[in-house]
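# Close look at the chain arrangement
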Number of protein chains: 2
Amino acid sequence: MSLLVAITQWEPEPWIERFRRLMPERAVIALGEPFNPAEIRYAASWKHPPGSLAALPNLQVLFSLGAGVDHLMGDPQLPAVPVVRVVDDDLTNRMSEYVVLHCLMHLRRQRAYDAQQRQKLWLDDRFQPGAHHVRVGIMGLGVLGQDAARKLKVMGFDVAGWSRSPRSVEGMATFAGAEGLDRFLARTDILVCLLPLTQDTRHILNRSVFARLARDGRLGGPVVINAGRGGLQVEADILAALDDGTLKAATLDVFKTEPLPPQSPLWTHPALTITPHNAAMSDPESIAVQIAEQIRNVERGEPLRNVVDPRTGY
Amino acid sequence: MSLLVAITQWEPEPWIERFRRLMPERAVIALGEPFNPAEIRYAASWKHPPGSLAALPNLQVLFSLGAGVDHLMGDPQLPAVPVVRVVDDDLTNRMSEYVVLHCLMHLRRQRAYDAQQRQKLWLDDRFQPGAHHVRVGIMGLGVLGQDAARKLKVMGFDVAGWSRSPRSVEGMATFAGAEGLDRFLARTDILVCLLPLTQDTRHILNRSVFARLARDGRLGGPVVINAGRGGLQVEADILAALDDGTLKAATLDVFKTEPLPPQSPLWTHPALTITPHNAAMSDPESIAVQIAEQIRNVERGEPLRNVVDPRTGY
């Protein structure tokens, strides 16, 4: 009944320490330590080395430690067990903090004031649009997208959403699929991408999508915020769209290659705001508590929650 | 039954144009145009020249065109008529946009990421506090303060308020007067000042107040946001407190002298964010509609709304 914790790119210790404290009755093994493969019933992964979970004959459940499960899908030897994704109030709140912050920065022209401050310039700029003049479009209407939408509406923004398959969300216009995308983009001034990365969504933030965003908005051009995954965006298209005015500005938390390499031209583009993939951080405490609870429930014969659908990949 | 419009420091034309359109039955006179003083029944002011409203024998009401009426109080010949202040949903929403934006910028360490971006640095900084870890204290619990508090709570912040005289606000701890100030400051990580400028509040943002803010918070030191009036703050105290670590950062929309002079050291302090007094702009359309409506109501014998209490000055 042991738990194997397989983490790369993050510090594993905070996770191991918490799992041991929460499940003192159970062996918690960090990948790299010696263990008997037959004892492993559960695995918890953040970007585990491909193949490292392949020879676990009694594995029952694989837990993802971060939002999204795309980091698991590159493993051709991924075990054929249920994969559980993180749905966590704390992570959801942090994502909404990020989305509301960056929508407000674009609405309130913070980068223009930053530039004026550097120049010691006091420019009267009284007639800014209010949030109700600005249309935010959220791609991805899962738990994260719906929470961000609700909070953006409280701030006064005019919010709509798009998802791959139709979803109705109270108090919000929603669009779906390829056939709904045009109308969604045409009414969007700030495009916020919170989609999962799947075969269907890879490179969805591309030149053709940017060109279909609203041109009649109050921000002086459309804006893109990607807090999903780097694989959703075509980075060369973002740079070209910023340079030719198809986009006015963009905020990116995620990148094709992370950490973003120092030679990337994204770092220095004046219309780009870059954050180091921490829009919504996994809090080990909160997420470890949930995983320990799911393990207890499974052993009592209760169903797992938040299991990934293998057909859609999220 | 004419309206005299007395504006300095803003463009008067948008106001004049709107008043004329909204009240075609009435003469709308811009200060500087010839007029018969006995005809003036109403005046609308933004920083009118002192004395310019003194000789209007039939003046009944003086309307302020912006939030706050402190700009009127410097006129020793201010006519002894009811003064009406602006209470406007649009202005309220804009102030809350500003307050939530700048609280989130401090919470989410946006200035640290700005600096990292300039250096092309990708630093893992996963364990940031969430909004629920951070205590915002709002000084001033009028319409603006209450709306900002509500929206900050939706974002997850731990919000309390302080006002000169006791106020109870549902779902929020409130403190009042000199005797409540210590406890309020001791539980505040981000101090947001939305007070009116009166004899009682002048220079309230001073070294003694900064020194009493929480030292045990999750932001690495207390933060001040002033979106009220420049006269509320002692600018030398803000700079000294930033330099010696009493404050971690500050965001200022208002200043003792506006426009902020180029030689002011505030412009270049790395822990200061400066905006050009536009946190909450008066929208001529929205405010002119309200004033026209109040004039109609008065002439029907109905009471004025939002009249300033001459004892408190707001």
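What counts and what doesn't
Once a new chain begins, its residue numbering starts again from 1 and follows that chain's sequence as written. Each chain gets a letter, beginning with A, and each ligand a number, beginning with 1, in the order they are written. In view of the model being predicted, local features appear only for residues whose pLDDT reaches at least 70, and side-chain atom pairs are presented and counted only at 80 or more, with totals across whole chains, interfaces and linings using the full set of residues. Here the side-chain values reflect all heavy atoms present in the structure, with hydrogen atoms and water set aside. Secondary structure elements follow DSSP: runs of H or I of four or more residues count as helices, runs of E of two or more count as strands, with numbering from the N terminus. Taken over C-alpha atoms, the radius of gyration is set against a globule rule of 2.2 Å times the number of residues to the power 0.38. Contacts: residue pairs with any heavy atoms within 4.5 Å of one another. Accessible surface area values rest on a Shrake-Rupley calculation with a 1.4 Å probe, where residue burial reflects the displayed protein chains alone. How far each domain reaches was decided by an automatic or database domain assignment. We define buried area as the total accessible area lost by two parts upon association, computed with a 1.4 Å probe and summed across both. The working definition used for a salt bridge is a side-chain nitrogen of Lys or Arg within 4 Å of a carboxyl oxygen of Asp or Glu. Contacts described as polar in this section are N or O atom pairs within 3.5 Å, which, within protein, must combine one atom able to donate a hydrogen with one able to accept it, while residues neighboring in sequence count only if both atoms come from side chains. Two strands make a pair as long as DSSP finds a minimum of two bridges between them. To get an axis, a line is fitted to the C-alpha atoms, and for a helix only the part in contact is used. The angle between two axes follows their N-to-C directions and goes from 0 to 180 degrees. Exposure classes here rest on a 1.4 Å probe applied to the protein chains alone. A residue is buried below 20% of its type maximum, exposed above 50%, and partly exposed in between. Working definition: roughly parallel below 35 degrees, roughly antiparallel above 145 degrees, roughly perpendicular at 65 to 115 degrees, and oblique for all remaining angles. Working rule for handedness: look at the near helix, and if it is turned counterclockwise from the far one by less than a right angle, call the crossing left-handed; if clockwise, right-handed. Just so you know the grouping, Ala, Val, Leu, Ile, Met, Phe, Trp, Tyr, Cys and Pro go in nonpolar, Asp, Glu, Lys and Arg go in charged, and all remaining residues, Gly too, go in polar. We call Phe, Tyr and Trp rings a pair once their centres come within 6.5 Å, taking the six-membered ring for Trp, and we label the pair stacked below 30 degrees between planes, edge-to-face above 60, and tilted otherwise. All copies are superposed by least squares; the fitting set is the C-alpha atoms of residues with a pLDDT of at least 70 in both. This arc describes the spread of directions from the helix axis toward the C-beta atoms.

### Structural notes on the overall build of chain A
- Along chain A, the regular secondary structure elements total 9 helices and 12 strands.
- For 314 residues, the compact-globule estimate of 2.2 N^0.38 gives 20 Å, and the C-alpha radius of gyration of chain A, at 21 Å, lies within 12% of that figure.
- Nonlocal contacts in chain A, meaning residues at least 24 apart in sequence, comprise 63% of its contacts between residues at least 6 apart.
- Of the roughly 12800 Å² that chain A leaves accessible, carbon and sulfur atoms contribute 52%.

### Here's the deal with the domain arrangement of chain A
All names here are of chain A.
- When its domains are assigned, chain A resolves into domain 1 (2–88 + 283–299) and domain 2 (89–274).
- Just the C-alpha atoms count here: the centres of domain 1 and domain 2 sit 33 Å apart.
- Of the roughly 740 Å² buried between domain 1 and domain 2, counting both surfaces, carbon and sulfur atoms make up 48%.
- The salt bridge partner of Asp70 is Arg229, with a shortest N-O separation of 2.8 Å.
- The tally of links between domain 1 and domain 2 comes to 5 residue pairs in polar contact (both at pLDDT 80 or more).

### Some thoughts on the sheet that holds strand S4 (residues 61–64) of chain A
All names here are of chain A.
- Spatially, the 5 strands line up as an open sheet ordered S2-S1-S3-S4-S5, and their pairing is parallel. If you trace the sheet from one side to the other, it starts and ends with strand S2 (28–30) and strand S5 (83–84), each paired once.
- Bridge count for strand S1 (residues 2–7) against strand S3 (residues 40–46) is 6 bridges, and the pairing is parallel. Residue pairing in the sheet places Ile7 in a bridge with Trp46 of S3.
- Relative to S2, helix H1 (residues 13–22) is tilted by about 170 degrees, and along the sheet it contacts S1, S2 and S3.

### Considering the pattern of salt bridges
- Taken as a whole and judged by the stated rule, the model has 46 salt bridges over all chains.
- With a closest N to O distance of 2.7 Å, Arg212 of chain A and Asp182 of chain A form a salt bridge. Remark: Asp182 of chain A occurs in helix H6 (residues 177–186) and Arg212 of chain A occurs in the loop between helix H7 (207–211) and strand S10 (223–226); sequence separation between them is 30 residues.
- You can call Arg212 of chain A partly exposed: its relative accessible area is 30%.
- Take Asp182 of chain A: its relative accessible area is 43%, and that puts it in the partly exposed class.
- Across the salt bridge formed by Arg21 of chain B and Glu285 of chain B, the nearest N and O atoms sit 3.1 Å from each other. Pair noted here: Arg21 of chain B is in helix H1 (residues 13–22) and Glu285 of chain B is in helix H9 (residues 284–299), with a separation of 264 residues, a long-range link.
- When its relative accessible area of 29% is taken as the criterion, Glu285 of chain B is described as partly exposed.
- Via salt bridges that share partners, Glu17, Arg18, Arg21 and Glu285 of chain A belong to a single interconnected network.

### Digging into the packing of helix H3 (residues 89–107) of chain A against helix H5 (residues 143–154) of chain A
All names here are of chain A.
- For the pair H3 and H5, the least separation of the axes is 9 Å and the interaxial angle reads 50 degrees. Comparing their axes, H5 and H3 come out oblique. Judged by the twist between their axes, the crossing of H3 over H5 is right-handed. Between H3, through Leu91, Thr92, Asn93, Met95, Ser96, Val99, Val100 and Cys103, and H5, the contact on the second element is made entirely by Val143, Leu144, Asp147, Ala148, Lys151 and Leu152.
- Of the residues contributing to the contact of H3 with H5, the split by class is 9 nonpolar, 3 polar and 2 charged.

### Quick look at the packing of aromatic side chains
- Applying the stated criterion across every chain yields a total of 8 aromatic pairs over all chains.
- Pairing Phe175 of chain A with Phe184 of chain A gives two aromatic rings, centres 5.9 Å apart and planes at 55 degrees, and the pair type is tilted.
- Classification of Phe175 of chain A by relative accessible area gives buried; the value is 12%.
- When the ring of Trp10 of chain B is compared with that of Trp15 of chain B, the centres are 5.7 Å apart and the planes differ by 15 degrees; the resulting orientation is stacked. With respect to class, Trp10 of chain B is no different from Trp15 of chain B; both count as buried.

### A few points about the packing of H1 of chain A against helix H9 (residues 284–299) of chain A
Residue and element names in this part refer to chain A.
- At their nearest, the axes of H1 and H9 sit 9 Å apart, and the two run at 45 degrees to each other. Considering their axes alone, H1 and H9 lie oblique with respect to each other. As for the relative orientation of H1 and H9, their crossing is right-handed in sense. Touching Pro14, Trp15, Arg18, Phe19, Arg21 and Leu22 of H1 are Pro284, Glu285, Ile287, Ala288, Val289, Ile291 and Ala292, all from H9.
- When the residues that make up the contact of H1 with H9 are grouped by side-chain class, the tally is 10 nonpolar, no polar and 3 charged.

### Let's talk about the interface of chain B and chain A
- In this assembly, 59 residues from chain B lie in contact with 59 residues from chain A.
- Buried area between chain B and chain A, summed over both chains or domains, comes out near 4800 Å², and the portion from carbon and sulfur atoms is 60%.
- Applying the counting criterion to the chain B and chain A interface returns 4 salt bridges.
- On inspection of chain B and its partner chain A, the count reaches 22 residue pairs in polar contact (both at pLDDT 80 or more).
- Of all the secondary-structure elements, those providing two or more residues to the side of chain B that touches chain A are helix H3 (89–107), helix H4 (110–118), helix H5 (143–154) and strand S12 (272–274) of chain B.
- At 11 residues, the largest contribution of residues to the side of chain B that touches chain A is made by H3 of chain B.

### A word on the relation of the copies chain B and chain A
- Rotating chain B by 180 degrees and moving it 0.0 Å along the rotation axis overlays it on chain A with an RMSD of 0.0 Å. Taken together, the rotation and translation relating the two chain copies correspond to the operation of a two-fold axis. Residue Leu101 of chain B, judged by its C-alpha, is the member of chain B lying nearest the rotation axis, at 2.8 Å.
- The overlap is high: 98% of the interface residues of chain B also sit at the interface in chain A, so the same surface is used on both sides.

### Focus: unusual backbone geometry
- Looking along the chain, the bond that leaves Glu258 of chain A and enters Pro259 of chain A is cis, with omega of -10 degrees.
- Not every positive phi belongs to a glycine, and Gln9 of chain B is a case in point at roughly 70 degrees.
- Take Gln9 of chain B: it is sitting in the loop between strand S1 (2–7) and H1.

### Let's talk about the sheet that holds strand S8 (residues 173–176) of chain A
All names here are of chain A.
- With parallel pairing, 7 strands are arranged side by side in an open sheet as S8-S7-S6-S9-S10-S11-S12. In this open sheet, the two strands that pair with only one neighbour each are S8 and strand S12 (272–274). In this sheet, adjacent strand axes meet at a mean angle of 15 degrees when their direction is disregarded.

### Considering the pairing of strand S3 (residues 40–46) of chain B
All names here are of chain B.
- With 6 of its 7 residues buried, S3 lies for the most part within the structure.
- When S3 meets strand S4 (residues 61–64), the two strands line up parallel, connected through 4 bridges. Bridging across to S4, Ala43 finds its partner in Leu62.

### A closer look at helix H6 (residues 177–186) of chain B
Residues and elements named next belong to chain B.
- Listed in full, the buried residues belonging to H6 are Gly177, Gly180, Leu181, Phe184 and Leu185. Mapping the buried residues of H6 onto a view down its axis gives an arc of 135 degrees, with all of them on the same face. Residues of H6 that are exposed and point over 90 degrees away from its buried face: Glu179 and Arg183.
- Along its buried surface, H6 packs onto strand S6 (135–139), strand S7 (158–163), strand S8 (173–176), strand S9 (190–193) and helix H7 (207–211).

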